[in-house]
Amino acid sequence: MTATIALVDDDRNILTSVSIALQTEGFLTRVYSDGESALKALIENPPDLAVLDIKMPKMDGLELLRRLREKRPIPVIFLTSKDDELDEALGLAMGADDYISKPFSQRLLIARIRAILRRTEASLPSIEGQPQEAAQPLVRGRLAMDPARHRVTWDGTNVTLTVTEFLILETLAQRPGIVKTRNQLMDAAYQDDIYVDDRTIDSHIKRVRRKFRQVDSDFDAIETLYGAGYRFSDE
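Predicted model only: the values in this text are computed from it and were never measured.

Trainee: Teacher, can you tell me more about the pattern of salt bridges here?
Mentor: Oppositely charged side chains can form a pair if their charged atoms are brought close together. With the rule as written, the count across this model stands at 13 salt bridges. The salt bridge involving Glu165 is made with Lys211; its shortest N-O contact spans 2.8 Å. Residue Glu165 is found in helix α6 (residues 163-174), and its partner Lys211 is found in helix α8 (residues 198-213); the two are separated by 46 residues along the sequence. The residues Glu165 and Lys211 share a single accessibility class, namely buried. Ionic contacts of the salt-bridge type, sharing partners, join the residues Glu63, Arg66, Arg67 and Glu70 into one network.

Here it is, written out as C-alpha cells:
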C-alpha cells in the first residue's frame, strides 16, 4: 500500500512543489492551507505522516499538533522558520517526530519522511511487497513494549509514544543498566545520516518521562548519567 502524506502550510508554493516532489517519489498527498481545515480531515482520515508548518493563520502548527495528539498518534514533521529554536523545542516537547528549518531541501524532507515511515512499518513505494519480520515484544519489569503493534504499557496502562520516542526507549530497555550515549540514541532513532543535536535527544527523553509520569507519578526508570548519557533501570 502506498503511503499518504498530509501537507499543511499556508504557503501555496510550498504545498504545490512538495506535493509534486512526493508524488514523483510514489507517495499519495493531501494538502491543506491552514490548521483549522486540516484538523478534522486528519482526525477522520489520518494519513501515514503529516508535515506541518508551525506559523499559520487561524490555527498554528503547534495547536494543530496538540489537538491531533489527543486523537491520533500520527507521525509529524514540523517545518520551522530559520532560528526559531523556541518553536522547535516546543514542537518536540509536544510530540513532533522531527523538524526541518526553512528554506529546506526537498531531498532532505523526503529522506526524513522515508526514515520515519520505515520506523512505523508503513508500506513505502520503494519496498512495497517485501515481507517484514515482526519484532518480538520486550518486557522489562513493569514496562512492556510491542514493536509490531507500536504499543507500550507501564503496569498494564497504555502509554502513547511517537515513533522516535518508542525507538529511544526500546534502545534503552533492550539492555537495562547499560549506559547509552546520546550518539547511540541518535543512531537508533534517526537513520539515513540525519543529524540532530544533543538538545533534540534530551527533549525526547524529557517528553518520554513526562508521559510515563502521567500514569505513574513515581516513574524513575530512565536515569541520566551526566556527561555520559542515559540508562534504563528495571528494578
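Having seen the structure, we can now continue with the description.
Trainee: What is the right way to look at the sheet that holds strand β1 (residues 4-8) in this model?
Mentor: The strands that make up a sheet pair up through hydrogen bonds in the backbone, lying either parallel or antiparallel. Taken in spatial order, the five strands line up as β2-β1-β3-β4-β5 in an open sheet, and their pairing is parallel. Across the chains shown, the open sheet's two edge strands, defined by having one partner strand only, are β2 (28-32) and β5 (98-101). Geometrically, the sheet is characterised by an average inter-axis angle of 20° between neighbouring strands, direction not taken into account. Each of β1, β3 (49-53), β4 (76-80) and β5 touches helix α5 (residues 106-119); the most contacted strand, β5, lies at about 180° to it.

Trainee: Is there a simple way to think about helix α7 (residues 182-189) in this case?
Mentor: One full turn of an α-helix is made of 3.6 residues, so residues set three or four places apart face in the same direction. Turning to α7, its buried residues are Leu185, Met186 and Ala189. Here the buried residues of α7 occupy an arc of 105° about the axis, which is enough to place them on one side. Exposed residues lying more than 90 degrees from the buried face of α7 are Asn183 and Asp187.

Rules behind the numbers
- Residues numbered from 1 in each chain as written.
- Predicted model: local features only at pLDDT ≥ 70, side-chain atom pairs only at ≥ 80, totals over all residues.
- Heavy atoms only, no water.
- Salt bridge = Lys/Arg side-chain N within 4 Å of Asp/Glu carboxyl O.
- Helix = DSSP H or I, 4+ residues; strand = E, 2+ residues; numbered from the N terminus.
- Buried < 20%, exposed > 50% of the residue type's maximum accessible area, 1.4 Å probe, protein only.
- Pairing = 2+ DSSP bridges.
- Axes fitted to C-alpha atoms, helices over the stretch in contact; angles between N-to-C directions.
- Contact = heavy atoms within 4.5 Å.
- Arc of directions from axis to C-beta.

Note that every value here comes from positions in space, so none of it alone points to a role or purpose.
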